[in-house]
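Per-entry structural report
Below are the chains, spelled out letter by letter.
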Amino acid sequence: VAKGYEVRSGEYVLLEQDEIDAAAGEQSHLVELEEFVRAEEIDPVFYDRTYYLGVGDDGQDAYRLLHDALERADRVGIGRWTFHNREYLVAVRPRDDVLALHTMRFAAELVDVDSLDLPAPSRKPSRREIEMAGTLVESLHDDFEPEAFEDGYRRRVLKLIEAKARGEEPDLPEPAEEPGGMDLAAALEASLSKSGNGAGKRKSGRTSRRAAKGKSKAKR
Amino acid sequence: MPRSLWTGSLSFGLVNVPVGLVTAVRDLDLHFRQVHEKDGAPIEVQRWCSEENSEVPLEEITRGYELDDGRQVTVSDLELQAVQPRRTRTIDIEQFVDLADVDPIYFEHPYFLVPVGEDDGSARAYRLLTEVMSRTERAALGRFVMRAKEYLAIVRERDGALTLTTMRFADEVRDAGDVDAATRKSHKPTRKQLDAAVAVIEELTCEWDPDKHKDRYRARLKRVVDRKRKGETIKAPKQAEQPEPASDLMAALEQTLQELSSGGSARWSEKRKAEAAG
C-alpha cells in the first residue's frame, strides 16, 4: 500500500513513505528552542496537544536548569520539534516539577473572526444591562477546580453497559425541551435575584469548595 | 461563514442566547489516500464478519463493549441516545473563572459561537455577554452535548466574538508523578548557573508573534509532491545525530551569552531563516 495525493480530481501523485519522511527535516532528536515569550501573551487557541518531557541520559542538570530558569524568568520557550516524522511548533514551559511540551497551532490554521460576519444589534446593550450582567458574572465567579467536573456521559454509558451485562433493560428518557425567546433585562434581573449575592448557585452536583479549601491554590 | 456544527442556546442564569458552533481552526494538512502501489487503485475498506466470512451491511452493525471478564455487551444507538443528558440543546454556564487560572493542558478544540436567528434580541444578548466577559476578563465554564458526547467547555471573548473551547476532564490528564524530572537535590542548579540561564532566556525573549511561525513541514511536503509530479526522485535527508548533553553547563551558558552579545541574536535568526528556506 502506497500513499496517493490527489493533485487534481482523479489524478494522484504516488509517494513512498521515505519520500513523505523527506519532508520531516533533519532535527529528529532535538527540541530546538528559538526564542522565549511571556506565557500570558499566548492566546489559548494556539495550544494543541500536551506532552511531558522527561530527562534523557546524562541530562539531569541541564533539564533542571532549564526548568528552574524558565520558572524564575516566567517565560515559555518556543521552538520546533519533529515527532513521527512531522515537524511541530512547540511551547516548552515548567508545569509543577516537570517540563511540559505543547504542540502549537499555526496562525494560518485559525479561522479569522472577520469571516464570521457577526450581526450587529440595532442598539448596544444598555449600561444597566452591562452592570447587571457583570454582577451576575461576579456572583458565579469561583476558582477553577478541574476535579470538580467529571465526564457524566462516560459514567452513564458505563452504567448502561453494566446494567445490560446483568441482563436488565434500560429506560429511555424523554428528549429535552428547547428554551424560547426572552426579555433580556427581565431575564437578567430574575437571574440576579435567583443567584442572590452569596457564593452563587451551584448546578448539577458542583459544590463550592472554595470555603472548605480556603484560598490555597494549586501552583500552575 | 463556516457551517454550524451544532446549534442550541448558551444559557447564563435565565438569559438564553441562541448560538451556533463553528470551528475556529482550519485543516490545512495534506491528505493522502491509500492506493495499491502496483496499479495505483484506491484501497477500499470493507466491513467483514469474522464469523460468517462475508461483508456486513451498515444497518446490521452495532457496538460491542468488552467487559473485564472478557464477556461482550452490545449497545445500540438508541440506548446510547437514552443515556445522553437531557439538556442536549443548551450550553449551561455553571461558573465563571479567571482565564489565567486555567492550565493550557485542559484545552482541546477551539470553536466560535455565533448568534443564530433573525431576532435582534439574540444579537443583543450575544453582544452583552461578549462585552461583559471582555470587561471582567472572566471565562465561563459550562457543559454541553455534541454528537452524543458530553463536553466541558470554556467560553470567553476573543477578538469581539465568543470562543468556546472544549476541555479535557481532570481524569484525562495524566499525572506527571512518574515522569523523571531530575528533582533530586544534587541536580539543583547553582545560583551562578541559574543567573546565566535566565540571562540567556531574557536575551532571547521577544513578543509572541504567531504569524511569523510557518508550517515548514507542510511547505516541504507540498514541494515533495510537486517535484514527484514532475518526475523527480526524492531522497530522504540524512538524520542529524542527537547532540551530546553539555558536560560543562556553565561553559555552554557563557559561550551562548558571549555569542548573543557579539551580535549573536542576529546570527541566530539568520540560522533560523536558512533552516526555514532549506
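One structure accompanies this document, and this report is about it. (Residues numbered from 1 in each chain as written. Chains lettered and ligands numbered in written order. Predicted model: local features only at pLDDT ≥ 70, side-chain atom pairs only at ≥ 80, totals over all residues. Heavy atoms only, no water.)

Within chain A, the secondary structure is distributed over 6 helices and 7 strands. Traced from its N-terminal end to its C-terminal end, chain A shows the element sequence β-β-α-β-β-α-β-β-β-α-α-α-α. When contacts within chain A are restricted to residue pairs at least 6 apart in sequence, long-range pairs at least 24 apart make up 65% of them. Carbon together with sulfur atoms contributes 47% to the accessible area of chain A, which is approximately 11500 Å² in total. (Helix = DSSP H or I, 4+ residues; strand = E, 2+ residues; numbered from the N terminus. Contact = heavy atoms within 4.5 Å. Areas by Shrake-Rupley, 256 points an atom, 1.4 Å probe, with all protein chains shown as cover.)

Tallying secondary structure elements over chain B gives 5 helices and 12 strands in all. A buried classification covers 43% of the 278 residues belonging to chain B. (Buried < 20%, exposed > 50% of the residue type's maximum accessible area, 1.4 Å probe, protein only.)

Residue and element names in this part refer to chain B. A rise of 1.5 Å per residue sets the reference length of helix 4 (residues 216-229), with its 14 residues, at 20 Å; its end C-alpha atoms lie 20 Å apart and thus fit the reference within 8%. Taken together, the buried positions of helix 4 are occupied by Arg216, Tyr217, Arg218, Arg220, Leu221, Val224 and Val225. Its side-chain oxygen at 3.3 Å from the backbone nitrogen of tyrosine 217, aspartate 215 defines the N-terminal cap of helix 4. Residue glycine 231 follows helix 4 closely and has a positive phi angle near 90 degrees. (Expected span 1.5 Å × (residues − 1). Polar contact = N/O pair within 3.5 Å; in protein donor to acceptor, adjacent residues only side chain to side chain.)

Another aspect to go through is the pattern of salt bridges. Under the criterion given, the structure shown has 31 salt bridges over all chains. A salt bridge links glutamate 35 of chain A to lysine 212 of chain B, with the shortest nitrogen-to-oxygen separation between them at 2.9 Å. Pair noted here: glutamate 35 of chain A is in strand 3 (residues 31-37) and lysine 212 of chain B is in the loop between helix 3 (191-203) and helix 4, and the two residues belong to different chains. What makes glutamate 35 of chain A buried here is its relative accessible area of 2%. The salt bridge involving arginine 71 of chain B is made with aspartate 69 of chain B; its shortest N-O contact spans 3.1 Å. For arginine 71 of chain B, a relative accessible area of 44% translates into the label partly exposed. Members of the salt-bridge network, linked through shared partners, are Asp43 of chain A together with Arg156, Arg158 and Asp159 of chain B. (Salt bridge = Lys/Arg side-chain N within 4 Å of Asp/Glu carboxyl O.)

A word on a negative patch on the surface. Together, Glu51, Glu52, Glu59 and Glu60 of chain B make up a region of like negative charge exposed at the surface. We classify glutamate 52 of chain B as exposed; its relative accessible area is 59%. (Patch = residues over 30% accessible without salt bridge, like charges linked within 9 Å, V, L, I, M, F, W, Y side chains within 5 Å. Lys, Arg positive; Asp, Glu negative; His and termini not counted. Charge placed at Lys NZ, Arg CZ, Asp CG, Glu CD.)

Before going further, it helps to spend a moment on the interface of chain B and chain A. Put simply, an interface is often sized by how much accessible area is lost when its parts join up. Between chain B and chain A, the contact holds 148 residues from the first and 138 residues from the second. The largest per-residue losses of area from chain B upon contact with chain A belong to Arg124, Trp208 and Tyr217 of chain B, which jointly make up 6% of the total buried on that side. Linking chain B with chain A are 14 salt bridges. Here arginine 154 of chain A ties to aspartate 171 of chain B by a salt bridge, and the two come within 2.7 Å at their closest N and O atoms. For the interface between chain B and chain A, the tally reads 36 residue pairs in polar contact (both at pLDDT 80 or more). Among the elements that make up the side of chain B that touches chain A, the one with the highest residue count is helix 2 (residues 120-136) of chain B (11 residues). (Buried area = accessible area lost by both parts, 1.4 Å probe.)

What follows concerns the packing of helix 3 (residues 127-139) of chain A against helix 2 of chain B. A pair of packed helices is characterised by two quantities: the angle between their axes and the separation of those axes. The contact between helix 3 of chain A and helix 2 of chain B brings their axes to 9 Å, and the two run at 60 degrees. Considered as vectors, helix 3 of chain A and helix 2 of chain B are oriented oblique to each other. At the point where helix 3 of chain A passes helix 2 of chain B, the crossing takes the right-handed sense. Contacts from Glu129, Ile130, Ala133, Gly134, Val137 and Glu138 of chain A in helix 3 of chain A reach Arg124, Leu128, Glu131, Val132, Arg135 and Thr136 of chain B in helix 2 of chain B. By residue class, the composition of the contact of helix 3 of chain A with helix 2 of chain B is 5 nonpolar, 2 polar and 5 charged. (Axes fitted to C-alpha atoms, helices over the stretch in contact; angles between N-to-C directions. Parallel < 35°, antiparallel > 145°, perpendicular 65-115°, else oblique. Left-handed = near helix turned anticlockwise from the far one by under 90°. Nonpolar A, V, L, I, M, F, W, Y, C, P; charged D, E, K, R; others polar.)

Attention now goes to the sheet that holds strand 11 (residues 149-158) of chain B. All names here are of chain B. Read around the closed barrel, the 7 strands follow the order 1-2-9-12-11-10-8; overall the barrel is mixed. Taken over all neighbouring pairs, the strand axes of this sheet differ in orientation by 40 degrees on average, direction set aside. Strand direction decides the pairing type here: strand 1 (residues 6-12) and strand 2 (residues 15-23), joined by 7 bridges, are antiparallel. Opposite leucine 10, over in strand 2, you have valine 17 as the bridge partner. (Pairing = 2+ DSSP bridges.)

Another point: the packing of helix 2 (residues 60-73) of chain A against helix 3 of chain B. Interhelical geometry of helix 2 of chain A versus helix 3 of chain B gives an angle of 65 degrees and a closest axis separation of 9 Å. As for the relative orientation of helix 2 of chain A and helix 3 of chain B, their crossing is right-handed in sense. Side by side, helix 2 of chain A and helix 3 of chain B meet where Leu65, Asp68, Ala69, Leu70, Arg72 and Ala73 of chain A of the first sit next to Gln193, Leu194, Asp195, Ala197, Val198 and Ile201 of chain B of the second. Residues belonging to the contact of helix 2 of chain A with helix 3 of chain B are distributed by class as follows: 8 nonpolar, 1 polar and 3 charged.

You can see arginine 220 of chain B is positioned in helix 4. Of the residues examined, arginine 220 of chain B reaches a relative accessible area of 12% and is grouped as buried. Separated by 3.4 Å, the side chains of arginine 220 of chain B and glutamate 87 of chain A make a polar contact.

Attention now moves to the environment of alanine 170 of chain B. Tracing the sequence through the fold places alanine 170 of chain B in the loop between strand 12 (161-167) and helix 3. Sequence-distant contacts of alanine 170 of chain B, defined by excluding residues within four places in its chain, comprise Pro146 and Glu147 of chain A together with Tyr106 of chain B.

Quick look at the nonpolar core now. Core analysis: the biggest nonpolar cluster contains 45 residues, and Leu10, Phe12, Leu113, Phe144 and Leu164 of chain B have the highest contact counts within it. By residue number, the principal contributor to this core is helix 2 of chain B, which donates 6 residues. For leucine 113 of chain B, the residues in contact, after removing those within four places along its chain, are Leu10, Val19, Gly20, Leu21, Ile91, Tyr126, Val155, Leu162 and Leu164 of chain B. Judged by nonpolar contacts, the second largest core, of 44 residues, contains Ala69 of chain A together with Val102, Met167 and Val179 of chain B. (Core = buried A, V, L, I, M, F, W, Y, C linked by side-chain atoms within 4.5 Å.)

Here we come to the pairing of strand 2 of chain B. Residue and element names in this part refer to chain B. Among the 9 residues in strand 2, 7 count as buried, and that is most of the element. The turn joining strand 1 and strand 2, which pair antiparallel and follow one another in sequence, is formed by 2 residues; a positive phi near 60 degrees is taken by glycine 13. Strand direction decides the pairing type here: strand 2 and strand 9 (residues 107-115), joined by 5 bridges, are antiparallel. Each bridged residue has a counterpart across the sheet, and for leucine 21 the counterpart in strand 9 is leucine 113.

Our focus in this paragraph is the packing of aromatic side chains. All told, the structure shown has 9 aromatic pairs over all chains when counted by the stated rule. Relative to tyrosine 106 of chain B, the ring of phenylalanine 144 of chain A lies with its centre 5.5 Å away and its plane at 80 degrees, an arrangement referred to as edge-to-face. Taken together, the positions of phenylalanine 144 of chain A in the loop between helix 3 and helix 4 (152-165) and tyrosine 106 of chain B in the loop between strand 8 (90-98) and strand 9 put the pair across two chains. An identical accessibility class is assigned to phenylalanine 144 of chain A and tyrosine 106 of chain B; each is buried. Considering the side-chain rings of phenylalanine 12 of chain B and phenylalanine 96 of chain B, the 5.6 Å spacing of their centres and the 85 degrees angle between planes classify their relative orientation as edge-to-face. Taken together, the positions of phenylalanine 12 of chain B in strand 1 and phenylalanine 96 of chain B in strand 8 put the pair 84 residues apart, joining distant regions of the chain. Across the pair, phenylalanine 96 of chain B and phenylalanine 12 of chain B agree in class, each one buried. An aromatic cluster of three or more residues is present, and its members are Tyr51, Trp81, Phe83 and Tyr88 of chain A. (Phe/Tyr/Trp six-rings, centres within 6.5 Å; stacked < 30°, edge-to-face > 60°.)

Function cannot be inferred from these measures alone, as they are strictly geometric.
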